[in-house]
Amino acid sequence: MSNHHQVLIVGGGTAGIMVAAQLKLKRSNLDIAIIEPSDKHVYQPAWTLVGAGTFDYDKTIRPESSVIPAGVTWIKEYAQTFDPENNSVTTTGATYSYDYLVVCPGIQIDLDGIPGLKDALGKGGVCSNYTDPNYTWEVIKNFKGGNAVFTQPTTPIKCGGAPQKIMYLADDYFRKSGVRNKSKVIFATPGSVIFGVPEFASTLNKVLHRKEINTKYFYAISKIDPERKEVHFRNAKPGDNQCILTEDQGIGERTEGDTAYVIPYDMLHLAPPQSAPDFVKNSRLAHQEGPSKGWMDVDKFTLQHNTYGNVFGLGDVAALPTAKTGAAIRKQAPVVVENLLTLMDTKAVGKGQYSGYSSCPLVTGYGKMVLAEFKYDNVRDSDPFLSKFVDTTKENWSMWILKKYGLPYLYWNKMMKGKM
Ligand SMILES: Cc1cc2nc3c(=O)[nH]c(=O)nc-3n(C[C@H](O)[C@H](O)[C@H](O)COP(=O)(O)OP(=O)(O)OC[C@H]3O[C@@H](n4cnc5c(N)ncnc54)[C@H](O)[C@@H]3O)c2cc1C
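Residues numbered from 1 in each chain as written. Predicted model: local features only at pLDDT ≥ 70, side-chain atom pairs only at ≥ 80, totals over all residues.

Student: Honestly, the overall build of the protein in this entry has me stumped. Any pointers?
Tutor: Secondary structure assignment for the protein yields 10 helices and 23 strands. By principal-axis analysis of the C-alpha atoms, the protein measures approximately 70 × 50 × 35 Å. Across the protein, the fraction of contacts at a sequence separation of at least 24, relative to all contacts at a separation of at least 6, is 66%. (Helix = DSSP H or I, 4+ residues; strand = E, 2+ residues; numbered from the N terminus. Contact = placed C-beta atoms within 7 Å.)

Below, the structure is given as structure tokens:
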């Protein structure tokens, strides 16, 4: 196997496979290699449904070998360091050189980011759809009442809507299992709104109200105490405390000192803190300073690296001011493909421009979904064709069917084949 490839892709997840498949469809003779250590390819969007007992976990996973496009070389190793000055990547096995590099190794889950999280997670009612959706379902199924607390971290995360989707489903399930009337459902988020795009926030606020969810803004999770079954929060807006303690509603919340808020839990769902993978963070490909420090430094429209012209980045790892989702990658991949091929042919980057499109299928209960589609600056960007038939700002049964059956089918049969 040669150690030089025309196009080297780091990461064979959603983004890596879409880019490789689209490149191969356009130019079958391209020499492409993917560095990907895992045997398995995961369709993560269905993990929300797995956590609510309405999708089979095994159906979210396929062998990586089944998604690597024909004619693409699979390097089954971990990428470790980048040397963009010399056009090479070193892995656990060797050093590989390239003409063009595409970087998309996803996001890293940082269990050390919250004191107590590592010890608490996966037992005692502390669960996360981001790490083990089967355990989330076990917790929800066996919940007998009390405080069900759902949280969001202060870091960027993949699918920012996922922490609230599982809460809506849990609430629905608790009503079916007859425990909702002896439960308090609490959503504690460091954010100041339920969703960034006003058209969808308006519907979600009504859902929160209808479901009687105690929503706490400016709550930044700071510690988990699994012994006492308590979760600690601090004010997310230092110098201007906007946290509001819930009194007289049977939640048992208390303050400690001036800024710590403590809520007892009977179940706790977390989105753990997340960041760019360490080997990206510590490389020259990452932003070295500023609010995007550690994330891959690409132009937000062309997805070309801001310093190294023959390098592109997309997917969760990229510093793009929009939501990190597979749906976003569906619009990013063709931009990378167009711009890379044009660069190859003309030495100038192509005209492909990514608008910041992302989408969040906000499941609000079994059989209900709001399809939030938007672009940079939180501007609504709903599909015009779909909008002829459905008001996607409202809860719809048809969108639930799309989420449960349509999107998984399209993912495996179209997106992974470079056809969408
Ligand atoms: C619970 C949950 C719900 C979600 N819901 C939705 C949704 O409804 N809709 C939606 O569009 N998106 C959703 N997402 C987000 C979506 O799954 C991700 O945004 C998407 O998979 C990101 O693609 P990626 O290629 O950047 O990363 P990934 O698909 O995670 O792939 C990264 C790949 O890089 C590999 N890798 C890691 N380290 C290395 C290394 N050192 N060297 C080489 N390769 C490496 C990994 O093994 C992996 O295969 C959800 C995610 C979760 C967890």
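Further notes follow.
Student: Would you mind showing me how to read helix α4 (residues 133-141) here?
Tutor: For an α-helix, the turn length of 3.6 residues means that residues three or four places apart are oriented alike. For α4, the complete set of buried residues consists of P133, T136, W137, V139 and I140. In a view along the axis of α4, the buried residues occupy a sector of 160 degrees, so they form one face of it. (Buried ≥ 20, exposed ≤ 12 C-beta atoms within 10 Å, placed from the backbone. Arc of directions from axis to C-beta.)

Student: Is there a simple way to think about the pairing of strand β14 (residues 219-225) in this case?
Tutor: When a strand is regular, its side chains alternate between the sheet's two faces. Of the pairings in the sheet, the one linking β14 to strand β15 (residues 230-235) comprises six bridges and is antiparallel in character. Bridged to K223 within β15 is H232. Where β14 hands over to β15, the hairpin turn is made up of four residues, of which K229 adopts a positive phi near 55 degrees. (Pairing = 2+ DSSP bridges.)

Student: Explanation requested: the packing of helix α1 (residues 14-26) against helix α8 (residues 326-346) in the structure shown.
Tutor: Think of two packed helices as two axes; the pair is described by the angle between the axes and how far apart they sit. One way to put it is that α1 packs onto α8 with a least axis distance of 9 Å and a crossing angle of 40 degrees. The orientation of α1 relative to α8 falls into the category oblique. In this structure, α1 meets α8 at a crossing whose hand is right-handed. From α1, T14, A15, M18, V19, Q22, L23 and K26 reach across to α8, where they touch G326, I329, A333, P334, V336, V337 and L341. Of the residues assigned to the contact of α1 with α8, the class counts are 10 nonpolar, three polar and one charged. (Axes fitted to C-alpha atoms, helices over the stretch in contact; angles between N-to-C directions. Parallel < 35°, antiparallel > 145°, perpendicular 65-115°, else oblique. Left-handed = near helix turned anticlockwise from the far one by under 90°. Nonpolar A, V, L, I, M, F, W, Y, C, P; charged D, E, K, R; others polar.)

Student: Is there a simple way to think about the nonpolar core in this case?
Tutor: Across soluble globular proteins, nonpolar side chains have a tendency to be buried as a group. If you look at the biggest cluster of nonpolar residues, it comprises 124 residues, and the most contacted ones within it are I9, V19, V103, M296 and V336. Looking at which domains feed residues into this core, each of domain 1 (4-107 + 276-357 + 405-417) and domain 2 (112-273) supplies at least three. (Core = buried A, V, L, I, M, F, W, Y, C linked by C-beta atoms within 7 Å. Domains from an automatic or database assignment.)

Student: Which parts of the structure should I look at to understand the site of the ligand?
Tutor: Around the ligand, a shell composed of 35 residues is seen, among which G11, G13, Q44, G106 and G315 lie nearest. When contributions to the shell around the ligand are tallied by element, the ones reaching two or more residues are α1, α2 (47-51) and α8. A domain split of the shell around the ligand shows at least three residues from each of domain 1 (4-107 + 276-357 + 405-417) and domain 2 (112-273). (Near = placed C-beta within 6 Å.)

Student: What is the right way to read the environment of T14 from this model?
Tutor: Looking at the secondary structure, you find T14 in helix α1. The class for T14 is buried, based on 30 C-beta atoms found within 10 Å. Sequence-wise, T14 and I35 are 21 residues apart; in three dimensions their C-alpha atoms are separated by 13 Å. T14 has contacts with G315, G326 and I329, leaving out every residue within four places of it along the chain.

Student: Looking at this structure, how should I read α8?
Tutor: Between the first and last C-alpha of α8 there are 30 Å, a value that for 21 residues agrees with the 30 Å anticipated at 1.5 Å per step. Q332 marks where α8 bends most, by close to 30 degrees; the proline P334 follows one to four residues later. Considered for burial, the residues of α8 that qualify are G326, A327, A328, I329, R330, Q332, A333, V335, V336, V337, N339 and L340. Against α1, β8 (95-103), β20 (311-313) and β21 (358-365) lie the buried residues of α8. (Expected span 1.5 Å × (residues − 1). Bend = angle between axes of the 7 residues up to and from the residue.)

Student: Please clarify how the sheet that holds strand β16 (residues 254-256) should be interpreted in this entry.
Tutor: Sheets are built from strands paired through backbone hydrogen bonds, the pairs being either parallel or antiparallel. With antiparallel pairing, the four strands of this open sheet are ordered in space as β14-β15-β17-β16. A strand with exactly one partner marks an edge of an open sheet, and here the two such strands are β14 and β16. Geometrically, the sheet is characterised by an average inter-axis angle of 35 degrees between neighbouring strands, direction not taken into account.

Student: Looking at this model, I keep getting lost on the domain arrangement of the protein. Mind explaining?
Tutor: When the parts of a complex come together, some accessible area is lost, and that lost area is often taken as the interface size. Split into domains, the protein comes out as domain 1 (4-107 + 276-357 + 405-417) and domain 2 (112-273). Spacing between the C-alpha centres of domain 1 and domain 2 amounts to 32 Å. In the side of domain 1 that touches domain 2, the residues fall into six nonpolar, four polar and two charged.

Student: Can you walk me through the environment of G294 in this structure?
Tutor: When you line up the elements, G294 lands in the loop between α7 (278-281) and β20. Sequence separation between G294 and F279 is 15 residues, and the spatial gap between their C-alpha atoms is 9.6 Å. Apart from the residues lying within four places of it in its own chain, the contact partners of G294 are S275, A276, K281, A286 and H287.

Student: I tried to follow the sheet that holds strand β23 (residues 379-380) on my own but got confused; where do I start?
Tutor: Pairing is antiparallel in the open sheet, where three strands are placed in the order β21-β22-β23. One side of each edge strand has no neighbouring strand; the edge strands of this open sheet are β21 and β23. Examined bridge by bridge, strand β22 (residues 368-375) and β23 share two bridges and lie antiparallel to one another. Each residue of the ladder has a partner; that of F374, found in β23, is R380. Those strands touched by helix α10 (residues 397-413) are β21 and β22, and its axis lies near 80 degrees from that of β22.

Student: Looking at this structure, how should I read unusual backbone geometry?
Tutor: Keep in mind that most residues, glycine aside, have a negative phi and that most peptide bonds are trans. Look at K229: it is not a glycine, yet its phi comes out positive at around 55 degrees. Here K229 shows up in the loop between β14 and β15. Of note in this structure, D377 is not a glycine but carries a positive phi near 70 degrees. Looking at the element boundaries, D377 is found in the loop between β22 and β23. Judged by local crowding, D377 falls into the exposed class, with 10 C-beta atoms found within 10 Å.

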